[in-house]
Amino acid sequence: MGFNLADIHARFNAGISTVAIDSPTGAEQSVVAQITNEFLNVLSPPRRMRVLLWDTARQLQVLSGGNDYGSTPDGSAGTSGAPVDLLKYILSLCSGDSSTPKSLFIVKDVYPYISGASASPTVIRWLKEVCYALKRSQHRLILLHDGEQTPIVFQDLIADLKHPLPDESEATAIVQRRIAALQDSARSQRQSLPVNLDDDGMKRLVRAVLGMTQEAIDDVLQLVAIADRRIDDRSIEAINRIKQQRYASQGIEYAQAPDVEVQGMPILSEWATRMGCLLEPTAQDWNIPFPKGMLLAGEGGTGKTLGVKCLAKTWGLPIVVLDLSKLMQKELGASEANLRAVIQAAEAIAPSILMLDEIDKMLGSSENDGGTSSRILGYFLQWFQEHNSSVFVAATANEPWKLKPELIRRFAKCFLVDLPDIPARRGIFQVQMERYRLLETIGPDIAKDWLDRLSEQTPDFTGDEIRKVVHESAVMAYAAGQPGQTTLEAMLVEINLKEPQFRRNNQRLLALREWASSGNASFVREASQRITHEQSLGDRLVNFAD
Ligand SMILES: Nc1ncnc2c1ncn2[C@@H]1O[C@H](COP(=O)(O)OP(=O)(O)OP(=O)(O)O)[C@@H](O)[C@H]1O
Ligand SMILES: [Mg+2]
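Visitor: Describe in detail the overall build of the chain, supporting the description with residues and values.
Guide: Secondary structure assignment for the chain yields 24 helices and 13 strands. When the 546 residues of the chain are sorted by exposure, 37% land in the buried category. A sequence separation of at least 24 residues applies to 77% of the contacts in the chain between residues at least 6 apart.

Visitor: Give a detailed account of the pairing of strand β3 (residues 59–62), specifying residues and quantitative values.
Guide: Remark: a regular strand shows side chains that alternate across the two faces of the sheet. Where strand β2 (residues 50–55) and β3 come together, 4 bridges link them in antiparallel fashion. By the bridge assignment for β3, D55 is matched with Q59. Between β2 and β3, which follow one another and run antiparallel, lie 3 residues.

Visitor: Tell me about the site of ligand 1, and please be specific about residues and values.
Guide: In the region of ligand 1, 21 residues are neighbours, and G300, G303, T305, L306 and G463 sit closest. Elements with a minimum of two residues in the shell around ligand 1: α12 (304–315), α18 (422–435) and α20 (463–479). Both domains that meet at the shell around ligand 1, namely domain 3 (266–417) and domain 4 (422–503), each give it at least three residues.

Visitor: Tell me about unusual backbone geometry, and please be specific about residues and values.
Guide: One non-glycine residue, Q59, lies in the positive phi region at around 60 degrees. Inspection of the secondary structure assignment puts Q59 in strand β3. Among the residues examined, Q59 registers 16 C-beta atoms within 10 Å and is labelled partly exposed. The backbone phi angle of D109 is positive, close to 65 degrees, even though this residue is not glycine. Of note, D109 is situated in the loop between β4 (103–107) and α4 (111–114). C-beta crowding within 10 Å serves as the criterion here: with 16 such atoms nearby, D109 is assigned to the partly exposed category.

Visitor: Hey, could you go over the packing of helix α3 (residues 83–95) against helix α5 (residues 121–135) for me, with residue numbers and the actual values?
Guide: For any two helices packed against each other, one specifies the crossing angle of their axes together with the interaxial distance. Orientation of α3 relative to α5, taken along the N-to-C sense of each, is 20 degrees, at an axis distance of 9 Å. When the axis of α3 is compared with that of α5, the two are roughly parallel. In the packing of α3 onto α5, the handedness of the crossing is left-handed. Here P83, V84, L87, K88, I90, L91, C94 and S95 of α3 lie close against α5, whose contacting residues are T122, V123, W126, L127, E129, V130, A133 and L134. A per-class count over the contact of α3 with α5 returns 12 nonpolar, 2 polar and 2 charged.

Visitor: Lay out the nonpolar core in plain terms, naming residues and giving numbers.
Guide: In this structure, V209, V320, A346, L354, M355 and A394 are the most contacted members of the largest nonpolar core, which totals 74 residues. When residues are assigned to domains, this core turns out to be shared by domain 2 (168–249) and domain 3 (266–417), each giving three or more. Once residues within four sequence positions are removed from consideration, V320 is found in contact with I252, Y254, V342, A345, A346, S352 and L354. The next biggest cluster of nonpolar side chains, apart from the first, holds 40 residues, and it includes V19, L53, C94 and L104.

Visitor: Now, about the sheet that holds β4: what can you tell me, with residues and values included?
Guide: Across the sheet, which stays open at both edges, the 6 strands sit in the order β3-β2-β4-β5-β1-β6 with mixed pairing between neighbours. Each edge of the sheet is formed by a strand with only one pairing partner; in this case those strands are β3 and β6 (158–162). Pairwise comparison of adjacent strand axes, ignoring direction, gives a mean angle of 20 degrees for this sheet. Its contacts with the sheet place helix α1 (residues 5–13) against β1 (18–22), β5 (140–145) and β6, and it is angled at close to 170 degrees to β6.

Visitor: Account for the packing of helix α6 (residues 168–188) against helix α7 (residues 199–209), naming residues and giving values.
Guide: One can describe the packing of α6 onto α7 by two numbers: an axis separation of 9 Å at closest approach and a directional angle of 110 degrees. Taken as axis vectors, α6 and α7 run roughly perpendicular relative to one another. Residues E168, A171, T172 and V175 of α6 lie in contact with α7, whose contacting residues are L205, V206 and V209. Across the contact of α6 with α7, the residue classes break down as 5 nonpolar, 1 polar and 1 charged.

Visitor: Can you tell me about the confidence of the model for the chain, naming the residues and giving the values?
Guide: Looking at the chain, the pLDDT average stands at 84 and 88% of residues meet or exceed 70. Within the chain, helix α24 (residues 525–531) has the poorest average pLDDT of any element, 38, and α20 the best, 96. In the predicted structure, residues 520–526 sits below a pLDDT of 50 and forms 10 contacts with residues beyond four places in sequence or in another chain. The low-confidence segment residues 528–546, where pLDDT is below 50, has 58 contacts with residues more than four positions distant or belonging to other chains.

Visitor: Go over the environment of L278 with me, naming the residues and quoting the values.
Guide: Looking at the secondary structure, you find L278 in the loop between α10 (266–276) and α11 (282–285). A tally of 16 C-beta atoms within 10 Å means that L278 is categorised as partly exposed. Along the sequence, L278 and I288 sit 10 residues apart, while their C-alpha atoms lie 7.2 Å from each other. Not counting residues within four places of it along the chain, the set of residues in contact with L278 comprises A283, I288 and F290.

Visitor: Residues and numbers for the environment of S80, please.
Guide: Positionally, S80 belongs in the loop between β3 and α3. Judged by local crowding, S80 falls into the partly exposed class, with 13 C-beta atoms found within 10 Å. Residue contacts for S80: discarding those within four places in its chain leaves Q59 and D85.

Calculation rules
- Residues numbered from 1 in each chain as written.
- Chains lettered and ligands numbered in written order.
- Predicted model: local features only at pLDDT ≥ 70, side-chain atom pairs only at ≥ 80, totals over all residues.
- Helix = DSSP H or I, 4+ residues; strand = E, 2+ residues; numbered from the N terminus.
- Buried ≥ 20, exposed ≤ 12 C-beta atoms within 10 Å, placed from the backbone.
- Contact = placed C-beta atoms within 7 Å.
- Pairing = 2+ DSSP bridges.
- Near = placed C-beta within 6 Å.
- Domains from an automatic or database assignment.
- Axes fitted to C-alpha atoms, helices over the stretch in contact; angles between N-to-C directions.
- Parallel < 35°, antiparallel > 145°, perpendicular 65-115°, else oblique.
- Left-handed = near helix turned anticlockwise from the far one by under 90°.
- Nonpolar A, V, L, I, M, F, W, Y, C, P; charged D, E, K, R; others polar.
- Core = buried A, V, L, I, M, F, W, Y, C linked by C-beta atoms within 7 Å.
- pLDDT = per-residue confidence, 0-100.

The following block contains the structure:
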């Protein structure tokens, strides 16, 4: 479960003497304990090794098993909290005689010295020397880090391994074990810990803890059990809140539920429904993978983000938001580490949707930021191509022509989200007015008449501009002491006060249509004809990808 010791043995047996393990900080202790137990107790004598642990605070310690810190090894008196001293000590051991016991060094805290902005050329040099020397010795080195990247100079010297987070079946086992242990300890104190969850509830509980380390799952279950003295739906909500806060502190957000049902995107809705069945496990029996992603291109406020949220609702999947602008940190290597953390979060809760808003701004081809965008793009493309987790990438772009063709090619589907036509605007007015409770006091015939008039009077309005008209009418009615009671005239006044953004300034909109229609032979003909008509754009969602 979890950490795979066989991977370490495989590398060591293949003559690779230095291994780096990417493991969440919360799992550090258990990784050390598992490795120590393996090399001190499980392996039989010829392969058994002395295990030494180093970190900047406690320096070098010989471990005696369990979590206890042991003694300082002989001859390491000079080994301080500075990594160079440790590396020199390992080097001296490698060149020593063969009577030195075979030693396995587990080293924390060294990555900040070899990767990222504060990397030290001196430490890098000494580590290289150590890696060369270890290859000719019987000693081995394991470096621990949390989401950092092994610098390219160590490519042939250090093997990278990953400590995966528990998958669904592992998480189920952890949850069951932990609940049983909590119930035992409640009983021993003459208390009880009832679990009021049916099979579905248990599944939801397990889904809630996905994305956490084993240690975090244990902690969170203990926390809710002590707080509520039972495990039920409330515990699941509490765990979801804790998880979201945890992710938020790492810059990872979950998208909120859609405010309204998206209107005027029949082709997208139909496609989403059709693809939804591929999420069923039986699809895998037929080797049909879930589509990797889609790109929604279009002007601001046309409902692209809303479209993704509604798609997630149709599929019943959570959305992890990847905010590329937050991700682009100047510090060399930090952006990639952040990107990895977000992708890992999405994979941990898969099946899930990874939402990348405005990728053209971040992954466009001509960025002048010292190569950060191209490194991020490279990393993302590689993951996008190679991953086989059920993470669906939903990206949006205002200027898709800025994206590299190799990125666009990876999306299973690309859609152009145009301005809404009359029926779409009618639908948007309806859902927005229902949301602000503006249709409750008028009869259905009048409502129909209003919706007809409003949608006819709003050519070139985006969905967001319609939302604003409705919002302002609702605010005015409320401020006038008549909540929910506006008039058609008042709404028409709001409309006339607004100059829709794309009425005059439609260069980019035209370019988007041009880009969509010239890009693919299977452009929906019906829609493409209508799209050339002013104000009557037909199905506002035009599928041009296949
Ligand atoms: N097609 C639509 N159906 C219903 N509501 C819509 C639609 N389009 C826009 N809206 C309303 O406008 C709001 C903003 O739209 P949204 O954020 O999805 O636009 P966007 O295309 O993502 O814009 P941007 O490019 O600026 O991110 C939505 O939350 C919704 O209330
Ligand atoms: Mg958006």
